[in-house]
Each structure stands twice: as structure tokens, then as C-alpha cells.
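The chain contents come next:
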Amino acid sequence: MDKTHNKTHTQLRLSCATCQGQFRVSLPSKHGSYALECPHCKARIKLKFAPPASERKDPKNVFVSPRVVEPVLGQPDRVREKLYVIKQRAVVYRPYRAICPDCGSDITLLPKTAGKVLAAKCNDCSTMILYKAVDPAAIERQ
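Presented here is a report on the structure given in the accompanying data block. (Residues numbered from 1 in each chain as written. Predicted model: local features only at pLDDT ≥ 70, side-chain atom pairs only at ≥ 80, totals over all residues. Heavy atoms only, no water.)

1. Side note on the environment of Arg 97
Where we set the bar: Helical segments are the DSSP runs of H or I of at least four residues, strand segments are the runs of E of at least two, and each set is numbered from the N terminus. Think of it in three bands: residues with accessible area under 20% of the maximum for their type are buried, residues over 50% are exposed, and the middle band is partly exposed, with areas taken using a 1.4 Å probe on protein chains only. For this analysis, residues touch if any pair of their heavy atoms sits within 4.5 Å. Residues adjacent in sequence count toward polar contacts only when both atoms are side-chain atoms; beyond that, a polar contact is any pair of N or O atoms within 3.5 Å, and within protein one must be able to donate a hydrogen and the other to accept it.
Within the element layout of this structure, Arg 97 appears in strand 10 (residues 96-99). Note on Arg 97: relative accessible area 19%, which makes it buried. Separated by 27 residues in sequence, Arg 97 and Glu 70 have C-alpha atoms that sit 5.8 Å apart. Residue contacts for Arg 97: discarding those within four places in its chain leaves Val 69, Glu 70, Pro 71, Val 72, Leu 73, Asp 106, Ile 107 and Leu 109. Within the structure, Arg 97 has its side chain in polar contact with the backbone oxygen of Glu 70 (distance 3.0 Å). Reaching out from Arg 97, the side chain makes a polar contact with the side chain of Asp 106 at a distance of 3.2 Å.

Right, dumping it as C-alpha cells:
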């Protein structure tokens, strides 16, 4: 993340962790949490800006680097108890998340293999979610 200045306001240059696309955002005038979307892949990005050190009352309230909130892959369909399938295909090496249909927890998905059935397990209730991934080159050819 780099800072650039122009005549009216300061901008930050960000790189999306999902698609590696670069874009600029204006530095907000107030500190706090902000949500935005990557203009390239629409991944949600959360930014938190802390006040300057001279204004800080709490030493723990420091700048937190941007964090990408992974897109939800799809709606899980029940196969049997504690086993679900997501029919939407993931793209290999892109992070996703699934929402556990049994307990509501987030499940992180990072597909590394195309064409095979992949499994993810909920850390809270042990529900299994199955899904498939495709190679990004296959999507571009369509």
C-alpha cells in the first residue's frame, strides 16, 4: 500500500489479494472502519484507519492493514446430516468462504486442485462441505 498526493486529497494504492489488481482509493477524512469492493473482481475489502498517534488514547488502537473478505462461494445443498454440496464452481487458488448451514460459522475455502471433489470441514460443528474447482484458463476460454 502506497500513499500518493494530488492537489485535493491523499490517495492509497491498493492491491487486491484475490485478483492482484491494483487500484486507488481516497484516504478518508475520519478514522474508523470502511468497506469497499475491488473494482476488478468485486471482492469485499475492509480497511481500518486509526487516529494519529498524538490523538490516540488506547495504545492498542493502531493501523490495521487491509484485509480481504472472501466472497461466499454459493449456497450449500444438503445431501445428508452433516454433509452438504456447493454446486457453484470455485476458481483454483482464489480464496472463498462458505457459511456453515448447521451453525452459521465461516468456513475458509482455498481450492488448489481443479476437476476433483474438494472438502472443507467446519471447525465448530464438524459439518463437511464438498465443492469443485476449475482452472482459471478454462474460464477465459469460454
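2. Let's talk about unusual backbone geometry
Within the chain, Lys 82 stands out as a residue other than glycine whose phi angle is a positive 65°. Note that Lys 82 resides in the loop between strand 7 (77-80) and strand 8 (83-85). Given a relative accessible area of 34%, Lys 82 falls into the partly exposed group. Even without glycine at this site, Ser 126 takes up a positive phi of about 65°. Relative to the elements of secondary structure, Ser 126 occurs in the loop between strand 12 (117-121) and strand 13 (128-134).

Any functional reading would require information that these geometric values do not contain.
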